[in-house]
Amino acid sequence: MRYYEGVILVETRSILTRCSGYLRTVASHSLNPYIGCSLGRSLCGVGCYVQHNRFLTKGRPWGSFLEGKVNAAWLYLREAPRVPFSVFMSSATDPFPPQEKTAGITRAILQAMAIKPPQCLIVQTHSAMVADFVDLLLALPSVRVHISIESDRENFPGLPRPAYSIERRIEAGRVLRKAGLETVACLSPLLPLEDGPGFMERLQTGFGAIIVDHFVGGDGSATGSRTQATRLPEVMESVRQGSACLDYRDQVVELARGYFPGRVGVGPDGFAGRYLK
Ligand code: SF4
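Right, let's walk through the structure included here.

Cut-offs applied
Residues numbered from 1 in each chain as written. Predicted model: local features only at pLDDT ≥ 70, side-chain atom pairs only at ≥ 80, totals over all residues. Helix = DSSP H or I, 4+ residues; strand = E, 2+ residues; numbered from the N terminus. Expected span 1.5 Å × (residues − 1). Contact = placed C-beta atoms within 7 Å. Pairing = 2+ DSSP bridges. Near = placed C-beta within 6 Å. Nonpolar A, V, L, I, M, F, W, Y, C, P; charged D, E, K, R; others polar. Axes fitted to C-alpha atoms, helices over the stretch in contact; angles between N-to-C directions. Parallel < 35°, antiparallel > 145°, perpendicular 65-115°, else oblique. Left-handed = near helix turned anticlockwise from the far one by under 90°.

Our focus in this paragraph is helix α11 (residues 246-259). The terminal C-alpha atoms of α11, which comprises 14 residues, lie 21 Å apart, in line with the 20 Å expected from a rise of 1.5 Å per residue. Buried-residue contacts for α11 involve β10 (182-187), α8 (196-204), β11 (209-212) and β12 (264-266).

Printed below as a string of structure tokens:
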């Protein structure tokens with residue numbers, strides 16, 4: 001084990017994990033290049049469900065650690081099934097933390113995927129850095145890039161700001177979409193919107209589809225109890241009454257359908273690319 005500019009490099013025993021639970025119908029496998037997440041102290045980290053995984057955190061505060069799986073690309077080449085498979089990257093970290101610039105772990109995995117491509121790669125990220133990887137993503141046969149943008153508000157009272165501004169993430173979507181990649185805006189978990197129609201118009205400039213997911217039913221517990229134990233619901237309600245309830249998701253879904261006809265997904269269906277008719 002050694003330190004590398006803010007990321008500890010570790011060797012792991014396997015890299016592809018069979019999807020179950022929420023991701024069961026989304027992809028056959030998940031892939032996490034890192035353990036921990038350096039975006040964990042930003043807005044998305046407040047409600048991030050991964051922080052409740054004690055096996056993974058080992059008691060460390062969420063956002064305080066990042067371990068890079070230095071042998072990930074090599075393991076990928078060894079584990080990639082011979083039968084068609086799909087990959088969700090990532091379910092328990094962000095594949096593009098700032099340290100990726102020097103650690104290059106996700107980069108090496110994408111290069112390995114060009115040798116043994118999955119039938120479909122779903123990239124899930126909060127990071128505008130994903131736009132820097134456009135060439136590697138274009139080298140794969142089928143890619144869907146999900147960029148999380150939970151709200152059109154940059155500020156929530158008492159909560160940290162997002163790691164990347166809304167505009168930077170929309171711009172990343174524009175870059176990738178212009179290059180020919182399928183891009184999806186993830187309102188996940190949905191936070192209160194300030195100007196719903198205006199937000200949808202902005203998202204149309206960078207994304208071909210939209211996913212709306214609420215923490216109720218979307219945080220790995222049946223009723224949203226994991227998120228209920230955080231500050232998020234109280235702040236959501238203080239900003240917009242009713243936004244911590246599932247009805248708010250349905251209101252936003254109806255709004256989104258007017259801007260992305262046939263291209264709005266809800267919950268796991270959305271992450272799987274199954275959209276409302
Ligand atoms: S980027 Fe993803 S994994 Fe990291 S803290 Fe935010 S929600 Fe959690």
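Now for the pairing of strand β7 (residues 86-89). One ladder, built from 2 bridges, connects strand β4 (residues 29-31) with β7; its direction is parallel. Residue pairing across strands places S30 opposite F88, the latter belonging to β7. Relative to strand β8 (residues 120-125), β7 is paired through 4 bridges, and the arrangement is parallel. Across the sheet, F88 pairs through a bridge with I122, a residue of β8.

Moving on to the site of the ligand. Taken together, C37, L39, G40, C44, G45, C48, V50, T93, D94 and H126 make up all the residues around the ligand. A per-class count over the shell around the ligand returns 5 nonpolar, 4 polar and 1 charged.

Looking now at unusual backbone geometry. The step from M89 to S90 runs through a cis peptide bond, and the omega angle for that step is 20 degrees. A cis amide bond links S188 with the next residue in sequence, P189, at an omega value of -10 degrees. Considering the arrangement of structural elements, one finds P189 in the loop between β10 and α8. The backbone of K58 sits at a positive phi, close to 50 degrees, despite the residue not being glycine. Residue placement: K58 occurs in the loop between α2 (54-57) and β6 (66-69).

Here we take up the packing of helix α3 (residues 72-79) against helix α5 (residues 105-115). Two elements in contact, α3 and α5, have axes separated by 8 Å at closest approach and are oriented at 25 degrees. When the interaxial angle is binned, α3 and α5 end up roughly parallel. Of the two elements, α3 crosses α5, and the hand of that crossing is right-handed. Every residue of α5 that contacts α3 at A72, A73, Y76 and L77 is listed here: I105, A108, I109, Q111, A112 and I115. Partitioned by chemical class, the residues of the contact of α3 with α5 number 9 nonpolar, 1 polar and no charged.

What follows covers the sheet that holds strand β3 (residues 16-18). In space, the 8 strands of this open sheet follow the order β3-β4-β7-β8-β9-β10-β11-β12, with mixed pairing throughout. Of all strands in the sheet, those bounded by a partner on one side alone are β3 and β12. Each strand axis lies, on average, 25 degrees off the axis of its neighbour in the sheet, ignoring direction. In the sheet, β10 pairs with β11 via 4 bridges, with the strands oriented parallel. Bridged to C186 within β11 is I211. Lying on the sheet, α11 is in contact with β10, β11 and β12; it crosses β11 at an angle near 170 degrees.

In this section: the environment of S14. By the element assignment, S14 lies in the loop between β2 (7-10) and β3. Considering only alpha carbons, one finds S14 and A185, 171 residues apart in sequence, at a separation of 30 Å. In this structure, S14 is in contact with L75 and E79, ignoring residues within four places of it in sequence.

Turning next to the packing of α8 against α11. Where α8 meets α11, the axes come as close as 10 Å, and the angle between the chain directions of the two elements is 45 degrees. One way to sum up the angle between α8 and α11 is to call them oblique. The crossing of α8 and α11 is right-handed. Note on element contacts: α11 touches α8 through V252, L255, A256 and Y259, opposite G196, M200 and Q204.

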